[in-house]
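# Reading the structure
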Amino acid sequence: MAAISSTYKDPSDTFAWWIEGDKIAIATIEGDGGTTETGRGALKAVQLGTGNTISNGFLISYYAEPDEYTDMTQEIEIDNALHPAIIAFVKGKALMDKAASTNNPQLAQIKSAASQACMRDYDRLVRRFGAKRRDKTGGTRAVVPADLR
Amino acid sequence: MAAIEFNGKKIYSRVLQAVPGVSENYVKNLINEALVDLGQYNLKTEYAKADLAHNQLWYGLADDRAVTINKVFRCSVLNDAGEYIRIPRLSNQDIKITHTE
């Protein structure tokens, strides 16, 4: 497999991408041959010549999931505004498990109520975090002139 | 690094106040459960590069790969000047059937 250099002048004009399931499709109207499958015109897979590749030929930007947390001394790799939410979540779930495993109905009820309070707190903190993000990135970007007619 | 952050040990000590006797491993599992739940929000933006291969239309984004992708929001292709140029996304109704699919 040979690595070749990109010869595309303006990929924004001739390339397109889309997602289907867990795959991304990258298609182009650029071609390197004379047939419908290889010539310029029809949307198709990139034509580089058999066995050729362009190293690091495309770049995707994406939202990723946080990595698995494995070491209790490491920092949690999400915005620290959400750390109290994680504490509320962990306390809520732990209290729920304790409530389920106790034989004392009164104690179970107290723990269950405390668990629900923690989970409500978690929901509130996550919602507030969402609002904060919107506050950072949202808002008016253009002013529409008044209609003076 | 943020000024105030909690690591697993600090969270564990907080949880022990409410639920004495739980193990550290149990708390670690719950932290991961919380991260899975929070993963549905757009918390972490990353990018990845891959090779463009001849006659290959589809490129895998499955979870068993090195990166865990929630949502791709931008795609760029390398041009002859070594720059990544953003390319348009086709929405579902605009996708054509191709010859080399």
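Rules used throughout
- Residue indices begin from 1 for each chain and proceed along its sequence in written order.
- All chains are assigned letters beginning with A, and all ligands numbers beginning with 1, in the order in which they are written.
- The predicted nature of this model means local features are confined to residues of pLDDT at least 70 and side-chain atom pairs, given and counted, to a pLDDT of 80 or more, with totals for whole chains, interfaces and linings taken over all residues.
- One number per residue, pLDDT, summarises how confident the predictor is, and it ranges from 0 to 100.
- Paired strands are those between which DSSP finds at least two bridges.
- Helix and strand definitions follow DSSP, with helices as H or I runs of at least four residues and strands as E runs of at least two, each counted in order from the N terminus.
- Every axis corresponds to a line fitted to the C-alpha atoms, with the helix fit spanning only the stretch in contact, and the corresponding angles, defined between N-to-C directions, vary from 0 to 180 degrees.
- Throughout, a residue-residue contact means that the two C-beta atoms, derived from backbone geometry, are no farther apart than 7 Å.
- Gly counts as polar in this scheme, as do all residues outside two lists: the nonpolar Ala, Val, Leu, Ile, Met, Phe, Trp, Tyr, Cys and Pro, and the charged Asp, Glu, Lys and Arg.
- In what follows, roughly perpendicular refers to angles from 65 to 115 degrees, roughly parallel to angles under 35, roughly antiparallel to angles over 145, and oblique to any angle outside these ranges.
- Residues enter a nonpolar core if they are buried, belong to Ala, Val, Leu, Ile, Met, Phe, Trp, Tyr or Cys, and are joined to the set through C-beta atoms within 7 Å.
- Exposed residues have 12 or fewer other C-beta atoms within 10 Å of their own C-beta, buried residues have 20 or more, and partly exposed residues fall in between, where C-beta atoms are placed from the backbone.

### With respect to the confidence of the model for chain B
With 82% of its residues at a pLDDT of 70 or more, chain B shows a mean pLDDT of 83. Model confidence for the complex is summarised by a pTM of 0.67, with the ipTM given as 0.72.

### A word on the sheet that holds strand β2 (residues 58-60) of chain B
The strand order across the open sheet built from 3 strands is β2(A)-β3(A)-β2(B), with neighbouring strands paired in antiparallel fashion. Each edge of the open sheet carries a strand with a single partner, namely β2 (15-20) of chain A together with β2 of chain B. The sheet shows a mean angle of 25 degrees between the axes of neighbouring strands, taken without regard to direction. Relative to strand β3 (residues 23-28) of chain A, β2 of chain A runs antiparallel, the two being bridged by 6 bridges. In the strand pairing of β3 of chain A, F15 of chain A is matched with T28 of chain A.

### Focus on the interface of chain B and chain A
Counting residues at the interface gives 73 residues for chain B and 67 residues for chain A. Of all the secondary structure elements, the ones that give two or more residues to the side of chain B that touches chain A are α1 (8-18), α2 (24-38), β1 (44-53), β2, β3 (69-78) and β4 (84-86) of chain B. Classifying every residue of the side of chain B that touches chain A by side-chain character gives 40 nonpolar, 17 polar and 16 charged. Judged from the 9 bridges that link them, strand β4 (residues 52-64) of chain A and β1 of chain B form a sheet pairing that is antiparallel. Within β1 of chain B, the residue paired with I60 of chain A across the bridge is A48 of chain B.

### Observations regarding the packing of α1 of chain B against α2 of chain B
Residues and elements named next belong to chain B. At their nearest, the axes of α1 and α2 sit 10 Å apart, and the two run at 110 degrees to each other. Relative to α2, α1 is oriented roughly perpendicular. Contacts between α1 and α2 involve G8, I11, Y12 and V15 on the former and, on the latter, E24, V27, K28 and I31. Across the contact of α1 with α2, the residue classes break down as 5 nonpolar, 1 polar and 2 charged.

### Focus on the nonpolar core
Within the largest apolar cluster, 25 residues are counted, with the highest numbers of intra-cluster contacts made by I86 and V90 of chain A together with I11, I31 and A34 of chain B. Here the element with the most residues in this core is helix α2 (residues 83-101) of chain A; it accounts for 8 residues. Filtering out sequence-adjacent residues up to four positions away, I11 of chain B remains in contact with I86, I87 and V90 of chain A together with F6, V27 and I31 of chain B. With 22 residues, the next largest nonpolar core counts Y8, L43 and L48 of chain A together with C75 of chain B among its residues.

### A few points about the environment of I76 of chain A
Within the secondary structure, I76 of chain A is located in the loop between β4 and α2. According to the C-beta neighbour criterion, I76 of chain A is buried, with 22 such atoms within 10 Å. I76 of chain A sits 10 residues away from I86 of chain A along the chain, and the two C-alpha atoms are 9.7 Å apart. Other than its neighbours up to four places away in sequence, I76 of chain A contacts Y69, H83 and I86 of chain A together with F6, N7 and I31 of chain B.

### A word on the pairing of β3 of chain A
With 5 of its 6 residues buried, β3 of chain A lies for the most part within the structure. The hairpin turn running from β2 of chain A into β3 of chain A, its antiparallel successor, is 2 residues long, and G21 of chain A in that turn takes a positive phi close to 60 degrees. Pairing analysis gives 3 bridges linking β3 of chain A to β2 of chain B, with the strands arranged antiparallel. Bridging from a neighbouring strand, I24 of chain A pairs with Y59 of chain B of β2 of chain B.

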